[in-house]
Amino acid sequence: MRDEAELIRAAVRGDRRSFEELVILKRARVVRTAFQITGNLEDARDVSQGVFVTLWRSLHRYDPGRPFDTWLYRVTVNAAIDLVRSRGPRAEAGATPLDPTVSASEPDPDRGIRARELRDAFRVLAAELPPQQRATFVLREAEGRSTAEIAEILEVSESTVRNHLLLARRALRRGLESRFPELLPAPRREDRS
C-alpha cells in the first residue's frame, strides 16, 4: 500500500483506486468517531458511507497545505451531529465497536468488567449532551485531539472548545454521581475529612 500522502495526492487528481485505498485506511476511524457521537453502530456506518461520498465529491476542494485528518474529522463530526440533531436530543446507546470483550484469559476480569460498565455509563450519559459538547468531548477524550485541532475541526474558537469540554465534563460527572454512583472511585482517606 502506498503512503497516505501519496494516496491523497492521487485521489485529489481523480484516481478512484487511490481513493478506495484511502477509504480502507480511514474507515475504522470514521466509524469509531461517528459511533461515539451518534451512540449507534448502524447510524455510524451510515454516517461513514455519507462521509466518503461527500469526500469523493469534494476532494477537488481539499487544500493539501492543511492536514487531511482535520478535514476528515470535520466532515465526520458534522455529519454525525446532523444525524443526532435530526432524530432528537437522545441518542440510542449501542454496543461499542472495536472494544475488546472480557475474556477468561483477562488477568483481572473484574477490572475489564468495570471498565466496560464505565464505558456503557458514559455512553448513556454522553447521549444526553448537546451535540457540540458531545463531539468536543469525543474528539478530546476518545480521539486525543488537541484544543487547537478541535477548534479547527468544529470551526469554533479554542475558548469555545474549552467551554464545551468543561460543560460536558460537569454534566457527565453529575450524571455519574446521580445515576451510576457505584462506578465512581471510592473517596480517598484525606478526601473524607
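If you're wondering where the values come from, they're calculated on a predicted model, not measured in any experiment.

Novice: Which parts of the structure should I look at to understand the environment of valine 75?
Specialist: Looking at the secondary structure, you find valine 75 in helix α4 (residues 68–87). According to the relative accessible area criterion, valine 75 is buried, its value standing at 16%. Considered as a pair, valine 75 and isoleucine 153 are 78 residues apart in the sequence and their alpha carbons are 8.4 Å apart. With near-sequence residues (within four places) excluded, valine 75 lies in contact with Val51, Thr54 and Leu55.

Novice: Explain the nonpolar core to me, please; I cannot follow it from the model alone.
Specialist: One broad rule of soluble globular proteins: the nonpolar side chains tend to lie buried together. Among the nonpolar cores identified, the biggest contains 36 residues, and Ile37, Leu55, Phe68 and Val77 are the most heavily contacted of them. Taken together, the elements giving at least two residues each to this core come down to α1 (4–12), α2 (16–38), α3 (41–58), α4, α6 (131–142), α7 (147–154) and α8 (158–179). Here this core takes nine residues from α4, the largest share from any one element. When near neighbours in sequence (up to four residues on either side) are disregarded, isoleucine 37 contacts Val77, Ala80, Ile81, Val84, Arg134, Ala135 and Val138. Ala121, Leu129, Leu172 and Leu183 belong to the second-largest nonpolar core, a separate cluster that totals eleven residues.

Novice: Got a minute to help me understand the side chain of serine 48 in this structure?
Specialist: Mapped onto the elements, serine 48 comes out in helix α3. Leave out the neighbours within four places in its chain, and serine 48 touches Arg27, Val30 and Val31.

Novice: How do you make sense of α2 when you look at a structure like this?
Specialist: Residues lying three or four places apart along an α-helix face the same way, a consequence of the helix completing one turn every 3.6 residues. Along its 23 residues, α2 runs just 29 Å from first to last C-alpha, ending more than 12% under the 33 Å computed at 1.5 Å per residue. Along α2, the sharpest change in direction is near 50° and occurs at lysine 26. Structurally, the start of α2 carries an N-cap: the backbone nitrogen of arginine 17 is 3.1 Å from a side-chain oxygen of aspartate 15. Glycine 39 sits one or two positions beyond α2 and adopts a positive phi of about 80°.

What counts and what doesn't
Residues numbered from 1 in each chain as written. Predicted model: local features only at pLDDT ≥ 70, side-chain atom pairs only at ≥ 80, totals over all residues. Heavy atoms only, no water. Helix = DSSP H or I, 4+ residues; strand = E, 2+ residues; numbered from the N terminus. Buried < 20%, exposed > 50% of the residue type's maximum accessible area, 1.4 Å probe, protein only. Contact = heavy atoms within 4.5 Å. Core = buried A, V, L, I, M, F, W, Y, C linked by side-chain atoms within 4.5 Å. Expected span 1.5 Å × (residues − 1). Bend = angle between axes of the 7 residues up to and from the residue. Polar contact = N/O pair within 3.5 Å; in protein donor to acceptor, adjacent residues only side chain to side chain.

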